[in-house]
Amino acid sequence: MIFLRPDRQTVVAKLLVCACLSALVLVAVSLAPISSRGTAASSKPKYNVIVIASDDLRPTLGCYGNNIVKTPNVDKLASQGVRFDRAYAQYPLCNPSRSSLLTGKYPTQTGVLDNEFYFRALHPDLVSLPQHFKANGYATLRSGKIFHGGIDDTEAWTEGGEVRNFTGAQRPPSNPDSADRTAQSDRIVVLEGNGESNGDYRMATQAIEYLEKYQGKPFFLAIGAVKPHSPPAAPKKFFDLYDADKIPLPPDFSSRPMAPPGFPEISIARRNTDLFIGRDASPAEAREMIRAYYASVSFMDEQVGRVLDAVDRLHLREKTIIVFLGDHGYHLGEKGKWSKAYSLFDVATRVPFIVAGPGIKKGVSPRTVQLLDLFPTLVELCGLPQPYELPARLEGHNLISLLRNPQAKWNYPAFSVVRYQGKLGKSVRTERWHYVRWDDGKAGEMLLDHANDPLELKNLAPDPAYARTVTEMRRSLTQIPVASQ
Ligand SMILES: [Ca+2]
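Because the structure is a prediction, the values reported are computed rather than measured.

Novice: Before we go on, may I ask you to explain the overall build of the protein in this structure?
Specialist: If you tally the helices and strands in the protein, you get 14 helices and 14 strands. Taking 23 Å as the expected radius of gyration for a compact globule of 485 residues, we find that the protein reaches 24 Å, a close match to that expectation. Here the C-alpha coordinates of the protein stretch approximately 95 × 60 × 45 Å along the principal axes. The burial tally for the protein puts 49% of its 485 residues in the buried class. Expressed as a percentage of contacts within the protein between residues at least 6 apart in sequence, the contacts between residues at least 24 apart total 71%.

Novice: I tried to follow the confidence of the model for the protein on my own but got confused; where do I start?
Specialist: Segments scoring low in pLDDT should not have their predicted coordinates read at a detailed level. Averaged over every residue, the pLDDT of the protein is 91; residues scoring 70 or more account for 90%. Contacts of residues 1-36 to residues separated by more than four positions or lying in other chains number eleven contacts, the stretch itself having pLDDT below 50.

Novice: How should the pairing of strand E9 (residues 353-356) be read in this particular structure?
Specialist: Regular strands place side chains that alternate from one sheet face to the opposite one. Residues Phe353 and Val355 line one face of E9 and the alternating positions Ile354 and Ala356 line the opposite face, and both faces are buried. Where strand E2 (residues 82-88) and E9 come together, two bridges link them in antiparallel fashion. Within the sheet, the bridge partner assigned to Val82 lies in E9 and is Val355. For strand E7 (residues 320-326) and E9, the ladder comprises four bridges, and the chain directions are antiparallel. Note that in E9 the partner of Phe324 across the bridge is Ile354.

Novice: What is the right way to look at helix H12 (residues 374-381) in this model?
Specialist: The periodicity of an α-helix, 3.6 residues per turn, causes residues three or four places apart in sequence to face the same way. Of all eight residues making up H12, seven are buried, and the element is well covered by its neighbours. Within the sequence span of H12, burial applies to Leu374, Phe375, Pro376, Thr377, Leu378, Val379 and Leu381. In this structure, the buried residues of H12 make contact with strand E1 (48-55), helix H3 (94-101), helix H6 (129-135), E7 and helix H13 (400-404). Trailing H12 by a residue or two, Gly383 shows a phi angle of about 70 degrees, which is positive.

Novice: For this particular structure, what's the right way to read the nonpolar core?
Specialist: Within soluble globular proteins, side chains that are nonpolar generally end up buried alongside one another. Grouped together as the largest cluster of nonpolar side chains are 124 residues, with contacts concentrated most on Leu221 and Val323. Of all the elements, helix H10 (residues 283-313) adds the most residues to this core, at 13 residues. If we skip the residues at most four places from it in the chain, Val323 touches Val51, Ile52, Ile354, Val355 and Leu374.

Novice: I keep staring at the packing of helix H8 (residues 199-214) against H10 and nothing clicks. Help me out?
Specialist: Each pair of packed helices can be summarised by the angle the axes make with each other and by the distance between the axes. It is the contact of H8 with H10, at a shortest axis distance of 9 Å, that shows an interaxial angle of 10 degrees. Our classification of the angle between H8 and H10 gives roughly parallel. Across from Asp200, Tyr201, Met203, Ala204, Ala207, Ile208 and Leu211 in H8, the residues of H10 making contact are Phe299, Met300, Gln303, Arg306, Val307, Ala310 and Val311. Broken down by class, the residue content of the contact of H8 with H10 amounts to eleven nonpolar, one polar and two charged.

Novice: Can you walk me through the sheet that holds strand E12 (residues 423-429) in this structure?
Specialist: In a beta sheet, neighbouring strands are held together by backbone hydrogen bonds and run either parallel or antiparallel to one another. Taken in spatial order, the four strands line up as E11-E12-E13-E14 in an open sheet, and their pairing is antiparallel. Each edge of the sheet is formed by a strand with only one pairing partner; in this case those strands are strand E11 (414-420) and strand E14 (445-449). Taken over all neighbouring pairs, the strand axes of this sheet differ in orientation by 10 degrees on average, direction set aside. Of the strand pairs in this sheet, E12 and strand E13 (residues 433-438) are connected by five bridges, and their pairing is antiparallel. Paired with Ser427 across the bridge in E13 is Val436. Strands E12, E13 and E14 of the sheet are contacted by helix H14 (residues 467-476), whose axis makes an angle of about 70 degrees with E13.

Novice: Hey, could you run me through the pairing of E2 in this one?
Specialist: Here E2 lies mainly inside the structure; six of its seven residues are buried. Bridge analysis of E2 against strand E10 (residues 363-370) gives six bridges, and the strand direction is parallel. In the strand pairing of E10, Val82 is matched with Gly363. Inspection of the sheet shows E2 paired to strand E8 (residues 350-351) by two bridges, in the antiparallel sense. For Ala87, the partnering residue across the bridge sits in E8 and is Val351.

Novice: Explanation requested: the environment of Asp309 in the structure shown.
Specialist: Assignment of secondary structure puts Asp309 in helix H10. Separated by 251 residues in sequence, Asp309 and Arg58 place their C-alpha atoms 24 Å apart.

Novice: Help me out: how do you make sense of H3 in this one?
Specialist: In terms of burial, H3 is a largely internal element, eight of the eight residues being buried. Taken as a whole, H3 has its buried residues at Cys94, Asn95, Pro96, Ser97, Arg98, Ser99, Ser100 and Leu101. In the core, the buried residues of H3 are packed alongside E1, helix H4 (107-110), helix H5 (119-122) and H12.

Cut-off values and rules
Residues numbered from 1 in each chain as written. Predicted model: local features only at pLDDT ≥ 70, side-chain atom pairs only at ≥ 80, totals over all residues. Helix = DSSP H or I, 4+ residues; strand = E, 2+ residues; numbered from the N terminus. Rg over C-alpha atoms; globule rule 2.2 N^0.38 Å. Buried ≥ 20, exposed ≤ 12 C-beta atoms within 10 Å, placed from the backbone. Contact = placed C-beta atoms within 7 Å. pLDDT = per-residue confidence, 0-100. Pairing = 2+ DSSP bridges. Core = buried A, V, L, I, M, F, W, Y, C linked by C-beta atoms within 7 Å. Axes fitted to C-alpha atoms, helices over the stretch in contact; angles between N-to-C directions. Parallel < 35°, antiparallel > 145°, perpendicular 65-115°, else oblique. Nonpolar A, V, L, I, M, F, W, Y, C, P; charged D, E, K, R; others polar.

Written out as structure tokens, the structure reads:
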């Protein structure tokens, strides 16, 4: 016990009170909502931003080397900026992927690992991308699917916010395998006319109206196409672009989903969740379904073209950064699978990712990048403050060096995670290697060599010749944060 003279006790007491008040202020600041992280009112935003997301779009695009699908508008955008050839989603499902990229946090940090949870109810301190732009003087405009349907970050938008249809963190449970839901998803839809009745057509019309209305102000416009998400839908003219008989099936096609020999059983879920749900796919049906996916992609591409035409008509191109991305990958019959859910194969996590705009080079980057890199990149390009107070921070890395030189040195791998049957799978991708580990190895692991096996047909993890690579890749998985921070 320490005894102090009465006068010193008073001084110490005062100091303690001051220290406590200071700590309280610090805590209050660190917990404060993003509105406190805006720029001074006098600072002028540099650029407009348009982010275009396409739902369940893998890099099945002309600019990514697919020589069958017709996507002239996205191809043109790619030719005007940097196309990332190895870009990865952090989770192969809508809500977890979007909640991650739109808050700058890994799914293991947001806690959103399915399509039912609302990130802000779980973590009120998370800052969303549109919220941050709104706090910094931008008009934030939403058209179409940006956050997951029904789980919008409503207040982040100046216009277009969708009222959440539930309170609390989790929406009321529904049965994803119900007959109604299956019938709605697992079909092919031919639209009338130019697709005017479809939400994606209306999405583009709304986006064009926003551009006309806000052209004189700094704006952040997010446009979310729902296609090619199931059910594939497009006007007849887009189906007519493709001959199903000439569409090749993947070499590892099978009539139902199954882990190939040599791969962990957990690596492919036994039941599809989007197409061919609970039923086998014949080769002829599979070709028809791929044709419908292609038609749906071309329909989406036309809507992108309508918006980009308006950008040019309004002379906004020179002051607008334009991003195009898919929210995760998709199996189109690879390993018998017709969806993305629960898969950490390359085809389920690799996405199209294009960034174009003032000062950005034209080219193709082979570096491994993540959708998580988008938030810090836009913050940097637009000169905004960081959205989080240290020690909290945006995950991912700003891509400025690659936007200036797509071949620049880059030392970051790409990470993805998924939870299936209560087990966590973790994936790390370098330019050559892809390693996946399930439940800390208890449910298996796989190592794929993209220099020799780009379709991921052979699991090298059990081969002692690759033990050193497995060890190195396993070690890098520890970089994935495991909890909110
Ligand atoms: Ca999706």
